[in-house]
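# Breakdown of the fold
For reference, the chains in residue letters:
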Amino acid sequence: MKKVEMICIVCPMSCRLVIDVDDAGAVQSVAGNSCNRGDIYARKELTNPTRMLTSTVKISGAIYDRLPVITSSDIPKGMMFEVMKALANIEVVAPVKANDIIIENVCNLGINIIASRSMEQVH
Amino acid sequence: MKHFELVVIGGGSAGLAAAVSAYDNGVSNILILERDKELGGILQQCIHNGFGVHTFKEELSGPGFAERFIDLVNKKHISYKLNAMVIHLNDDKILEYVSPEEGYVVIQAGAIVLAMGCRERTRGAIAVPGYRPSGVWSAGTAQRYLNMEGFMVGKKIFILGSGDIGLIMARRLTLEGAEVKGVAEIMPYSNGLPRNIKQCLEDFDIPLFLSHTITKIDGLDRVSGVTIAQVDGSMQPIEGTEKTFDVDTVLFSIGLIPENALSEEANIDMDPKTRGPKVDESYQTSLRGVFACGNVLHVHDLVDFVAEEGTKAGVAAAKYINEKLKSGSIINTIPKEGIGYIVPQRIQAINCDKTVELMFRVRKQYKNVELVIKRDDEVLRVIKKKHLAPAEMEKVILKASDVAECQHSLSIEVVEVAA
């Protein structure tokens, strides 16, 4: 059994987690988290670390030239740059509504890229 | 001169939350004045996630969080002006603003909520030696260029200061293909949230140089390099510890300053520590009927707490407008050993319903200490803390009944406990 310390990155609370890991590498218990998402994060981080990814895509006809986008759920940490490549070729046209799907099943991850805000058409 | 029951200066998270809550508490004649071309404030450039965990129990991006409040403002038909810059405010609550649509306008407010936010400290604030080449930016400006307007500020980047905006920009620029060579922090600890050190620097193997500062920026027309050095206990560079980096861009993330030119013009009492107005339990400034909330009051770490403060200021402004806000005997809050500041700076127990929240920051990092809260020099509560850091705002919630018994002051101090 060993203790692993890490900082939870799920939200800005930055809880300090202490995780008991047994000799086979399995998580036995998680402490220090102030919500259940900290527990889930700790277990994932030690087995298959994932991250939310936020970026922008080109948009035309809107108040600005970029539309902020976000992954619909967390993606494997190692796939971040692949997803960034997929975003580089996208161009959308206003109007866009918050949560509109911008790329479906991005990089075959089973996760969508969605608009993180609405952008109206401007003239 | 047009009259509004409530004028909110600033349409960011604090101002929007204040307007919505004032409306919900019976104020209908509200005007929000926003200088940008849309509502939402700085949230619109903070495209990263992590917002709204407290307010909406959801994890949103900055623009997503802003949209929730903008939708509420629209649903309630609260009026707002865009591209409207308030240029003067006086102590009779008369405001002057300019906008391309209306020109120069003078209005009278019954009550005012100050929600102007904050601005970034710049290179000038810390006097970094070197020429003045292009390629030196504040981190927030670079963020706006990249996330809203679609311009990269450089390809090889060094960042001075480990504030959250700098850390978030380190990740963002890396994802967009830039090479971030490092982050230097003059303090022996980071000034950003621990989660950002991990997910913005460690995830991408970006080195963090603690107790280091920039000693030279090279380049005549464009930045061509940067030299950093370790600093000693009095923050002076130590000779022989210099490292140079081949970069074309330097970002500064060295702190935020509440934007209070208007508050000062209206002769509102300021707290030299927070650089925001001094307020009471109702977020009322020294000028009756003028309230302050969000980053104009004191710089926050989390937008959720900015919005929460805005909501409370809106409730208080509504009380004032409906003549329900009272004046009572004043209890001062006093930051003692280890405490940088406390907001609110004074409390009138008569206006406290159930609880009183004291928000504060410690001056340095502590491990295994006690926070001691005293009422009139008598210990009221002791809170054990495993960890305290200036980068993380602390909050203590007191019962209104406990505060009501106070004669003159409430104080907070950090007490080191023997191991």
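Every chain begins its residue count from 1, and numbering advances along the sequence as written. Each chain is given a letter, starting from A, and each ligand a number, starting from 1, according to the order in which they appear as written. Owing to the predicted nature of the model, reporting of local features is limited to residues with pLDDT of at least 70; listing and counting of side-chain atom pairs is limited to 80 or more, with chain, interface and lining totals taken over all residues.

### Notes on the overall build of chain B
For chain B, the helix and strand inventory stands at eight helices and 29 strands. With the radius of gyration taken over C-alpha atoms, the globule rule is written as 2.2 Å times the number of residues to the power 0.38. Over its C-alpha atoms chain B spans a radius of gyration of 22 Å, differing by no more than 12% from the 22 Å that the globule rule assigns to 419 residues. With respect to the principal axes defined by its C-alpha atoms, chain B has extents near 65 × 65 × 40 Å. For the exposure call, what matters is how many other C-beta atoms sit within 10 Å of a residue's own: 20 or more marks it buried, 12 or fewer exposed, and in between partly exposed, using C-beta atoms placed from the backbone. Counting only residues that meet the buried cut, chain B has 49% of its 419 residues in that class. Throughout, a pair of residues is in contact if the C-beta atoms placed from their backbones lie within 7 Å. Of the contacts made within chain B by residues no fewer than 6 positions apart, 65% connect residues no fewer than 24 positions apart. Think of it this way: any DSSP run of H or I at least four residues long counts as a helix, any run of E at least two long counts as a strand, and we number them from the N terminus.

### Let's talk about the interface of chain B and chain A
Each side of the interface is counted separately: chain B has 26 residues, and chain A has 26 residues. Elements with a minimum of two residues in the side of chain B that touches chain A: strand E3 (49-51), helix H2 (62-75), helix H3 (139-149) and helix H5 (194-201) of chain B. Here the side of chain B that touches chain A gets four residues from one element, more than from any other, and that element is H5(B).

### Re the domain arrangement of chain A
Domain borders in the structure are assigned automatically or taken from a domain database. Entries for chain A in the domain assignment read domain 1 (2-47) and domain 2 (54-115). Centre-to-centre, using C-alpha coordinates, domain 1 of chain A lies 29 Å away from domain 2 of chain A.

### Here's the deal with H5(B)
Within H5(B), seven of the eight residues are buried, which leaves it mostly tucked inside the rest of the structure. Every buried residue of H5(B) is listed here: Pro194(B), Arg195(B), Asn196(B), Ile197(B), Gln199(B), Cys200(B) and Leu201(B).

### Some remarks on the domain arrangement of chain B
Bring the parts together and some accessible area is lost; that lost area is often taken as the interface size. Here the domain parsing of chain B yields domain 1 (1-119 + 256-325), domain 2 (122-254) and domain 3 (328-419). Just the C-alpha atoms count here: the centres of domain 2 of chain B and domain 3 of chain B sit 35 Å apart.

### What about the pairing of strand E5 (residues 54-60) of chain A?
Residue and element names in this part refer to chain A. Burial within E5 is extensive, with five of its seven residues counted as buried. In this scheme, strands are said to pair when DSSP sees at least two bridges between them. Relative to strand E6 (residues 66-71), E5 runs antiparallel, the two sharing five bridges. Bridge pairing in E6 links threonine 56 to proline 68. The antiparallel hairpin formed by E5 and E6 contains five residues in its connecting segment, where glycine 61 sits at a positive phi of about 80°. With three bridges connecting them, E5 and strand E8 (residues 91-93) associate as parallel partners. Across the sheet, residue isoleucine 59 finds its bridge partner in E8, namely valine 92.

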